[in-house]
Amino acid sequence: MNAPDRYERFVVPEGVSKVSYERDTKIINAASFTIEREDHTIGNILRIRQLHRDENVLFAGYKLPHPLQYKILLRIHTTSQSSPMQAYNQAINDLDKELDHLKNEFEVELARHTGKQSRDY
Amino acid sequence: MEGVSYQRFPKIKIRTVRDDFMKFELRDTDASIANALRRVMIAEVPTIAIDLVEIEVNSSVLNDEFIAHRLGLIPLTSERAMSMRFSRDCDACDGDGQCEYCSVEFHLRAKCINDQTLDVTSKDLYSSDHTVVPVDFSDSSTGFDNAENRGIIIVKLRRGQELVLRAIARKGIGKDHAKWSPAATVTFMYEPEIYINEELMEGLTLEEKKEFVDSSPTKVFDINPNTHQVYVHDAEAYTYDDEVLKKAEAMGKPGLVEIHAKEDSFIFTVETTGGIKASQLFLNAIDVLKQKLDAVRLSSDTVEADEQFGELGAHMRGG
């Protein structure tokens with residue numbers, strides 16, 4: 001009865017920014033990003049991207065604080081060669097390019113496959 | 001911004017495509033991407049479904065909300081969904097969701113006038129837009145008798161009962177309500193790699209080999225009837241149940257077979273409700289995921305704010 005409205009899950013409320021960035025006050029090159037109305041779909045690809053690929057990232061992790069708080073907290077700690085913001089942007093750019101590549105690859109494969117299928121008939 | 005790219009170049013190999021089914025291999029990427037695509041296909045690729053029902057006459061045995069719920073669950077052809085607007089951010093109709101950019105109207109009028117029970121089905125729904133209609137399963141050539149197939153039953157009427165209603169279908173996503181999910185199932189598994197230690201295997205009698213092969217609940221291994229050699233019959237039938245490994249252990253032959261999950265190869269199975277084609281579902285999922293990534297880019301004012309404050313930060317970074 002007091003459950004939040006379903007649209008709360010993906011509509012960012014007015015006056016709230018989608019991504020907010022907060023630098024760590026104690027540790028150099030560490031920061032946390034609060035991403036509103038996102039979940040494991042985005043959180044996990046960003047984390048794996050940073051942990052597994054970027055050697056300047058010392059720590060990257062995300063959490064979904066509560067199932068009814070529709071946001072994720074992403075924390076990044078980098079070496080002095082990079083910055084959390086740079087790592088974050090890099091991750092998004094890389095993923096974007098990867099998905100472009102994937103789409104291309106799939107379209108080519110689909111054309112090849114359907115072409116082959118119609119020749120078989 | 002400068003920086004080395006850590007991009008990967010995934011590969012795809014399609015095994016089967018039909019309108020509502022697809023099986024393909026995805027290689028050279030990681031589980032996070034595979035899982036993100038799966039999650040997006042299930043919950044975030046938009047489709048069209050009935051969302052608002054105005055009932056004029058209902059003297060059937062089912063109550064109004066029951067019928068409204070059943071109408072919502074009927075899959076509608078949704079090729080148009082990607083280019084449609086969500087009624088909540090449609091400016092042509094102030095979000096009441098009754099304009100051509102964000103909604104499609106349906107009418108249903110049925111009355112039973114004889115002693116034969118009347119089946120009211122999805123085929124009795126008349127759409128205002130010929131591109132958005134209830135999914136037709138009759139041409140799927142697999143087993144169904146075409147003459148028998150009359151669509152999805154909404155309610156059954158007996159003599160004198162009547163149902164008249166108007167319904168508005170809107171664009172939505174599975175996260176909002178499962179009726180908008182275009183996917184029936186989307187699954188992926190790691191591709192298994194199975195090595196048989198031939199030396200150890202040759203040390204087994206035929207009887208033992210048979211026992212070993214039969215220990216797997218799925219038919220992963222088989223025995224060549226001529227050479228009596230154990231071979232991998234179907235690696236993908238393996239469900240990571242470890243039964244054969246336990247068996248090998250129990251027979252005193254640990255290491256008889258080695259099984260690894262290839263952590264960068266996935267076998268995807270995609271089944272749709274018929275609203276959109278399986279191949280289109282995957283392409284739409286990529287587009288949706290790209291939009292989501294674009295939305296989480298840092299806005300320029302946060303970057304500027306950081307740079308002002310960042311005198312110190314730049315200093316600390318050694319810049």
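Residues numbered from 1 in each chain as written. Chains lettered and ligands numbered in written order. Predicted model: local features only at pLDDT ≥ 70, side-chain atom pairs only at ≥ 80, totals over all residues. Heavy atoms only, no water.

For clarity, the cut-off: UniProt positions are given in the numbering used here, feature names are shortened, and annotations may be inferred rather than shown by experiment.
If you check an unreviewed UniProt entry, chain B appears there as DNA-directed RNA polymerases II, IV and V subunit from Sesamum alatum. Under the heading Sequence similarities (unreviewed entry), UniProt records this for chain B: "Belongs to the archaeal Rpo3/eukaryotic RPB3 RNA polymerase subunit family." UniProt, in its Subcellular location (unreviewed entry) section for chain B, records the words "Nucleus".

Chain A has the name DNA-directed RNA polymerases II, IV and V subunit in an unreviewed UniProt entry, where Sesamum alatum is given as its organism. Its UniProt record gives chain A a comment under Subcellular location (unreviewed entry), which states: "Nucleus".

## Considering the overall build of chain B
This is how it is decided: Helical segments are the DSSP runs of H or I of at least four residues, strand segments are the runs of E of at least two, and each set is numbered from the N terminus. Throughout this description, buried means an accessible area under 20% of the type-specific maximum (1.4 Å probe, protein chains only), exposed means over 50%, and partly exposed covers the range between. Should any heavy atoms of two residues lie within 4.5 Å, those residues are counted as being in contact. All accessible-area figures derive from a Shrake-Rupley calculation using a 1.4 Å probe, and residue coverage is judged against the displayed protein chains alone.
Scanning chain B from N- to C-terminus turns up seven helices and 12 strands. Looking at the 319 residues of chain B, the share that counts as buried comes to 45%. Long-range pairs, those at least 24 residues apart, make up 73% of the contacts in chain B between residues at least 6 apart in sequence. Carbon and sulfur atoms provide 48% of the accessible area of chain B, an area that totals close to 16600 Å².

## Looking at the overall build of chain A
Assigned secondary structure in chain A consists of two helices and four strands. N-terminal to C-terminal, the α/β element order of chain A is β-β-α-β-β-α. Each principal axis of the C-alpha distribution contributes one length, and for chain A these read about 65 × 50 × 20 Å. Relative to its full complement of 121 residues, chain A shows a buried share of 45%. Long-range contacts, defined as pairs at least 24 residues apart, comprise 54% of the intrachain contacts of chain A with a sequence gap of at least 6. Counting only carbon and sulfur atoms, one obtains 49% of the accessible surface of chain A, whose full area is about 6500 Å².

## A closer look at the confidence of the model for chain A
Just so we agree on the cut-off: The pLDDT value expresses, per residue, how confident the predictor is, ranging between 0 and 100.
With 97% of its residues at a pLDDT of at least 70, chain A reaches an overall mean of 91. The spread of mean pLDDT over the elements of chain A runs between helix 1 (residues 40-53) of chain A, the lowest at 88, and strand 2 (residues 30-36) of chain A, the highest at 95.

## Describing the nonpolar core
Operational definition: Within this scheme, the nonpolar core is defined by two criteria: the residues are buried Ala, Val, Leu, Ile, Met, Phe, Trp, Tyr or Cys, and they are joined through side-chain atoms within 4.5 Å.
If you look at the biggest cluster of nonpolar residues, it comprises 54 residues, and the most contacted ones within it are Leu46(A), Tyr88(A), Phe24(B), Leu26(B), Leu37(B), Met41(B) and Phe282(B). No other element matches helix 2 (residues 84-120) of chain A, which puts 10 residues into this core. Ignoring anything within four residues of it in the chain, the contact list for Leu26(B) reads Leu102(A), Pro10(B), Lys11(B), Ile12(B), Ala34(B), Leu37(B), Asp264(B), Ser265(B), Phe266(B) and Phe268(B). Counting residues in hydrophobic clusters, the runner-up holds 23 residues, among them Ile74(B), Leu76(B), Ala81(B) and Leu108(B).

## Points about the confidence of the model for chain B
Residue and element names in this part refer to chain B. Across chain B, the average pLDDT comes to 89, with 89% of residues at or above 70. Of all helices and strands in chain B, the one with the weakest mean pLDDT is helix 7 (residues 300-317) (58), whereas helix 2 (residues 64-72) scores best (97). As scored by the predictor, the complex reaches a pTM of 0.89 and an ipTM of 0.93.

## Some remarks on the UniProt feature "coiled-coil region" (unreviewed entry) in chain A
Under the local residue numbering, the UniProt record ascribes the feature "coiled-coil region" (unreviewed entry) to residues 85-112 of chain A. Taken end to end, residues 85-112 of chain A has its terminal C-alpha atoms 41 Å apart, with 100% of it in helix and 0% in strand.

## Some remarks on the interface of chain B and chain A
We apply this condition: Here the quantity called buried area is the total loss of accessible area, with a 1.4 Å probe, experienced by two parts when brought into contact, counted for both. The working definition used for a salt bridge is a side-chain nitrogen of Lys or Arg within 4 Å of a carboxyl oxygen of Asp or Glu. Nitrogen and oxygen atoms within 3.5 Å of one another constitute a polar contact, given that in protein one can donate a hydrogen and the other can accept it, and given that sequence-neighbouring residues count only through two side-chain atoms.
Listed by partner, the interface residues are 54 residues for chain B and 51 residues for chain A. Overall, the association of chain B and chain A removes approximately 5500 Å² of surface from exposure, summing both partners, and the carbon and sulfur fraction of that is 61%. Where chain B packs against chain A, one counts eight salt bridges. Here Asp287(B) ties to Lys103(A) by a salt bridge, and the two come within 3.0 Å at their closest N and O atoms. Remark: the boundary between chain B and chain A carries 20 residue pairs in polar contact (both at pLDDT 80 or more).

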